[in-house]
Each structure stands twice: as structure tokens, then as C-alpha cells.
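What the coordinates show
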Amino acid sequence: MSQAETRSVLHLPRIVVTSTCGGGGKTLLSLGLARALRNKNWQVLPFKKGPDYIDAAWLSMASGNLSTNLDPYFLDGAGLRAQMQHAVSKLLPKGVTAATIAIIEGNRGLFDGLDLEGSCSTAALSRQIQAPVLLTLNVTKMTRTVAALLQGLAGFEPVDFAGVVLNCTGSPRHAAYLRSSIEHYTDFTVLGELPRLTHNPLPERHMGLASFRGDKLSETAEEALETLAAYVNDHVDVQAIVERAAQAQNLHCGPLWSEPALDSKNGPCIGYVRDECLWFYYHENLEALERAGARLVKLSLFDSSWPLPGKNGTGSTDSEDSLDAIYLGGGFPEDCLDRLAGNGRLADLAALAAQGFPIYAECGGLMVLSRSLRKNGVVTPMAGVLPLDIEIGPRPVGLGYVMGEVVQDNPYYPRGTSFPGHEFHYSRACGEKTAAPVLALSRGRGLGDGMDALVINNTWASYTHIFAPAQPAWAPALCRLAAQWRANKAQGKRKDSVS
């Protein structure tokens, strides 16, 4: 365990940005605030509450630092604090400076959680990481009622409110009336009034903020972030927010990882596909593979130069750097069908899977491994590894947290393993399923009928995404299978040389 990961006290100015509902303006304020502070030469550390890849990617781009997800469903309070410490140690190896601030974007409404008690809510997270809360409130067609709403929020559960930013004010007169009402009836401090925008500068799609050619920042996205930075800087008291964030208490943090990292110098080579098609990865998952001893190689489905193992009939030559396993994350294959049709990498995946090559696929990766993908009545053949056909629909099929139990033997998880995860998909599996799913769900949609995850040879494919710190068996299992493949490959070479 490194010195940076031992139990320590973390001094980190921080603020949670939230609202009363989804679409209340928290993403707009978080991105604008992060970019505005970055433009003032602040070191902005972004965090996103809950399971999210898209908003987290935008926060990374707004701040210039890799965003970390803080999810109370996966980690308890000690784990969340450890994750914050771990992120700080990676992003700021020399430590927190006077010009450092963490911005944590909430999700949904402040008190919205999994159950009647509001477990896993943004409010619960703010208490677990002892961070003040900045509320952004959509005040469209509202006047004095805003004070009653804030009074109700303040009295509902213990929350350390830093203040409120009024979103979508209709005019300076409207903003002044709202401010007077709040100051007269409540203890809230008004930290800004954002006038109603004539258009939303952020592109949107069915699962939130639009992706932009994978996780690459486009010129349009860069312009949107600069627009939001100026918008927030002109209408919000950024300095007051910084001062309030600095009042956050120090956190006592332990290590995020329970096991020391293995030396990956001679470990198995695991490729992960990260391109316009598949780019939903928690960086903690990739780190977990490295800690388990893997050497990681970034791949693209649209690049023919994969270092494939030659003993699988692919025509490649074996080497120390040839792949021993592949990790296929989530993404939007349905946006890349013209480039996936007849794609040679799909044939490579099918050939590898048929010979027991280890492949772990989540959601978008499952879609790529299916027989076909139907969108708007057009069917595009996929890799054909799985006995599934996938259809894209207009509404969510699976959206939210998953809880399951492994009920069949498989190479990755022991039978009986508890399986927390999450899913985001507008697609559904259809057609005849000739293989039995191995994951029984008590929560979530998965493949349907209360089940998820198909295992074919050494290929695992599920709609469920996992978070490695909450699923410690995953990375060692994939590395073990990759190492076995590597050893068998070496054994095959030795046999060839003897013969």
C-alpha cells in the first residue's frame, strides 16, 4: 500500500451542487462553475454523484481533470471518503493547494433516493463527505412561493446549505423580488440569479447530455463550456461559493483498495475498446485491472492494428504484447452502425470467443457481441458471439441500479456472489435465447424475465455495469483468465518448437 493510500486527513475545499429535480439546472451550474474557476487558474477536482458516464465526461472536460463518480449505492461513507482521497492523491500528487476546489454534482433532486428513507440521495452523500450544498432552483413563473419551498427543504433533513442560485429568472425585477422574499422569510443566502437562456447551449440526447464522438471534446462542446463559464461568472458570486467551500471540515480517510497492487510488468495484456462506439468505463475499473497485474492496451473497433494472438486463426503473429483478454464497455453502438456493418473487428471477436479467449462485455459491448442490432427497422449484423438479437426502442428499458445473484457456475464469479451494478439502455434483447442467463436480478431489468448475463465459453456479456471497488472479484478473475490464456499460448509455442 503506498504512502498516499494510508489513513490520512484530507483537507479539501468542496461544494455539492444540486437541485430539487432532474433538469433543475445543476449540470449547467456545475459545468459553468468548473470552467469559470479553471479559467481563473484554479485546480478544479470534479466528482459526479451516482452512476453516470456522460455528465462525468463533461465535468472532466470543463475542469481539465478526470472526474470521479461518488456512488452511495456502491460504497458506504468510509468508502466514499476513501475514494475522494484516492482521487486527490492521483490528480494532485503534490497535495492540495490554496487554489484547489472540489465540485460534486448531485443527481435528480436533493432528497431523491432509492426508498422512503432516501438512501443513496444527494443529501445523504453530502453528509457522508461533510460537504456544504449549493442549491440551484428553477424559479420560472414563481415569486413568493420560492421562500416556502426553501423553508420546506431546510426543515426536511439535516443539510448544510451554502446558499441558493436562482435559475431561469425572467427579468432583473423578477430576480430582485425573489431575493427579497428569500431574505425576508428564510436563512438562505442568494448566491446568484441566472437569467433565462434563449437556448440551451448543451446538446442533449436520450440518456442526458449528448456524447460527442466518444469521449473526445468537440469544438462545439468547447464553445458551450466557455459560454456557460461566462454565464455563471457574470451572474453568480463565484468568490462567495469558493469561500463557503473552504469551510468544509477535514475528512478522515482510509485506503480505497484493500489489497496492494501487483507488479504488471510481466502480466497479461488486456485490451479495452475506447472509441466513438464504446467509451463508458469507470477509470477505477481500468485501475483495478492494472492493480490485479494487467498491462492495458487501448483499442478501437475502427482500427485494424489489434495485437491479436496468432494461434487463433486471425493471421496475426504471437508476441509478448499480443492480447490475452478484451474488455468491452458500454456506449452507443447504435450511433455507429454504418461503420460496424461488415467491420473486421467483429469477426475477430467472434473467432476469439469461439476458442475460449476471455472477453468481458457490458451493455454496449453486449450489443456488439449479439447476432444483430435493429434500429428504425434496419437490421445490422453484429459479431454473433451471443444468441441474442438487439432492438433499439424509443423509451428506457433498463435505467437505474441493479442487484443480482450469480446462480450458475461461470469463469468469473463464484455461484452465490452478490452483484450490485447499474444499467442504462434503450435496447432490449429479443429472439430465441439458447443460453441460460447466469445472474438472477432482485432489482433491475437486464435481459428480461428477472435475469441478466450470458456466459459463452470465457465470454461474459451483461447489461449490468459493475464498479470495481464494489465488486472486488471482477478484476482478479479477468486477469486470471487472461494469464491462463497467456500460459496456454506459451505452452503451444513450446510444443511447436519441440515438434
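Just so it is clear, the structure is predicted and the values come from calculations on it, not from any experiment.

Before going further, it helps to examine the overall build of the chain. On a plain count of helices and strands, the chain comes out with 13 helices and 27 strands. The globule rule puts the C-alpha radius of gyration for 499 residues at 23 Å, and the 24 Å found for the chain is close to it. Projected onto its principal axes, the C-alpha positions of the chain cover 90 × 55 × 45 Å. Here the chain, with 499 residues, has 58% of them falling under the buried criterion. Accessible area for the chain stands at about 20,300 Å²; split by element, carbon and sulfur atoms hold 49% of it.

Attention shifts here to the pattern of salt bridges. Going through the model one piece at a time under the given rule, you end up with 16 salt bridges. A salt bridge links Arg179 to Glu193, with the nearest nitrogen and oxygen atoms 2.7 Å apart. A residue pair is termed long-range when its members are at least 10 positions apart, and Arg179 in helix H6 (residues 172-185) and Glu193 in strand E8 (residues 190-195) qualify at 14 residues. Judged by its relative accessible area of 26%, Arg179 is partly exposed. Asp348 is the partner of Arg345 in a salt bridge, and the nearest nitrogen-oxygen pair spans 2.8 Å.

Following the sequence through the fold, Ile104 ends up in strand E5 (residues 100-109). For the pair Ile104 and Leu45, spaced 59 residues apart in the sequence, the C-alpha separation amounts to 8.5 Å. Here Ile104 is in contact with Arg14, Ile15, Val16, Val17, Phe47, Leu70, Met84, Leu125 and Ile129, once residues within four sequence places are set aside.

At a closest axis distance of 8 Å, the pairing of helix H1 (residues 26-39) and helix H2 (residues 54-63) adopts a crossing angle of 25°. The angle between H1 and H2 places the two elements in the roughly parallel class. Of the residues in H2, those in contact with Thr27, Ser30, Leu31, Ala34, Arg35 and Arg38 of H1 are Asp55, Trp58, Leu59, Met61, Ala62 and Ser63. Broken down by class, the residue content of the contact of H1 with H2 amounts to six nonpolar, three polar and three charged.

Attention shifts here to the environment of Gly109. Among the structural elements, Gly109 can be located in strand E5. On a C-alpha basis, the gap between Gly109 and Gly64 in space is 27 Å, while along the polypeptide they are 45 residues apart. Apart from residues no more than four positions distant in its own chain, Gly109 is found in contact with Thr18, Ser19, Thr20, Cys21, Gly22 and Thr122.

Here we take up the sheet that holds strand E14 (residues 295-299). Hydrogen bonds along the backbone pair up the strands of a sheet, which may run parallel or antiparallel. Strand order in the open sheet formed by six strands is E14-E12-E15-E17-E27-E26, and the pairing between neighbours is mixed. With one partner strand each, in any of the chains shown, E14 and strand E26 (454-456) form the two edges of the open sheet. Ignoring strand direction, the axes of neighbouring strands in this sheet form an average angle of 15°. In the sheet, strand E12 (residues 269-273) pairs with strand E15 (residues 325-328) via four bridges, with the strands oriented parallel. Of the residues in E15, the one forming a bridge with Tyr272 is Tyr327. Sheet strands in contact with helix H11 (residues 344-354) are E15, strand E17 (359-362) and strand E27 (459-462), and its direction is about 125° off that of E15.

Looking now at the confidence of the model for the chain. Here the chain shows a mean pLDDT of 91. Residues at 70 or above account for 92%. Here residues 311-317 is a poorly scored stretch, pLDDT under 50, and it has 14 contacts once near neighbours within four places are set aside; other chains count. Throughout residues 494-499 the model reports pLDDT below 50, and contacts reaching past four residues in sequence, or to other chains, amount to one contact.

Next up on the list: the packing of aromatic side chains. The way to describe two aromatic rings as a pair is by their centre distance and the angle between their planes. Per the stated rule, a full pass over the model turns up 24 aromatic pairs. Judged by centre distance (5.6 Å) and plane angle (65°), the ring pair of Tyr73 and Phe74 falls under edge-to-face. Classification of Phe74 by relative accessible area gives buried; the value is 10%. Ring geometry for Phe419 and Trp460: centres 5.7 Å apart, planes at 10°, overall stacked. Placement of the pair is Phe419 in strand E22 (residues 418-425) and Trp460 in strand E27, with a sequence separation of 41 residues. Across this residue pair, the class does not change: Phe419 and Trp460 are buried. Here a set of aromatic residues connected by ring pairs shows up, and it is made of Tyr53, Tyr73, Phe74, Trp279, Phe280, Tyr282, Phe332, Tyr401 and Phe467. It is Arg339 that lies over the ring of Phe302; its NZ or CZ is 3.9 Å from the centre.

Our focus in this paragraph is the sheet that holds strand E24 (residues 439-443). Strand order across the open sheet formed by four strands is E22-E21-E24-E25, with antiparallel pairing between neighbours. Of all strands in the sheet, those bounded by a partner on one side alone are E22 and strand E25 (451-452).

Here we take up the nonpolar core. Within soluble globular proteins, side chains that are nonpolar generally end up buried alongside one another. Counting residues in each nonpolar core, the largest one holds 159 residues, and the members touching the most others are Leu349, Tyr360, Leu369 and Trp474. The element best represented in this core is helix H13 (residues 474-498), accounting for eight residues. Other than its neighbours up to four places away in sequence, Tyr360 contacts Ile326, Tyr327, Leu328, Tyr412, Tyr413, Phe419, Trp460, Ile466, Trp474 and Leu478.

What follows deals with the side chain of Thr417. Of note, Thr417 is situated in the loop between strand E21 (398-406) and E22. Among the residues examined, Thr417 registers a relative accessible area of 15% and is labelled buried. Contacts of Thr417, omitting those with residues within four sequence positions, involve Gly404, Glu405, Val406 and Gln471.

At a minimum axis distance of 8 Å, the contact between helix H5 (residues 145-156) and H6 shows a crossing angle of 45°. Taken as axis vectors, H5 and H6 run oblique relative to one another. Note on packing geometry: the crossing formed by H5 with H6 is right-handed. Within the contact between the two elements, H5 uses Val146, Ala147, Leu150 and Gln151 and H6 uses Leu178, Ser181, Ile182 and Tyr185. When its residues are assigned to classes, the contact of H5 with H6 shows six nonpolar, two polar and no charged.

Burial analysis of strand E6 (residues 133-138) places five of its six residues in the buried class, the great majority of the element. Across three bridges, strand E2 (residues 14-19) lies against E6 in parallel orientation. Paired with Thr18 across the bridge in E6 is Leu135. Two strands pair when backbone bridges link them, and E6 and strand E7 (residues 161-169) are joined in this way by six bridges, in the parallel orientation.

Rules of the game
- Residues numbered from 1 in each chain as written.
- Predicted model: local features only at pLDDT ≥ 70, side-chain atom pairs only at ≥ 80, totals over all residues.
- Heavy atoms only, no water.
- Helix = DSSP H or I, 4+ residues; strand = E, 2+ residues; numbered from the N terminus.
- Rg over C-alpha atoms; globule rule 2.2 N^0.38 Å.
- Buried < 20%, exposed > 50% of the residue type's maximum accessible area, 1.4 Å probe, protein only.
- Areas by Shrake-Rupley, 256 points an atom, 1.4 Å probe, with all protein chains shown as cover.
- Salt bridge = Lys/Arg side-chain N within 4 Å of Asp/Glu carboxyl O.
- Contact = heavy atoms within 4.5 Å.
- Axes fitted to C-alpha atoms, helices over the stretch in contact; angles between N-to-C directions.
- Parallel < 35°, antiparallel > 145°, perpendicular 65-115°, else oblique.
- Nonpolar A, V, L, I, M, F, W, Y, C, P; charged D, E, K, R; others polar.
- Pairing = 2+ DSSP bridges.
- pLDDT = per-residue confidence, 0-100.
- Phe/Tyr/Trp six-rings, centres within 6.5 Å; stacked < 30°, edge-to-face > 60°.
- Lys NZ or Arg CZ within 6 Å of the ring centre and 35° of its normal.
- Core = buried A, V, L, I, M, F, W, Y, C linked by side-chain atoms within 4.5 Å.
- Left-handed = near helix turned anticlockwise from the far one by under 90°.

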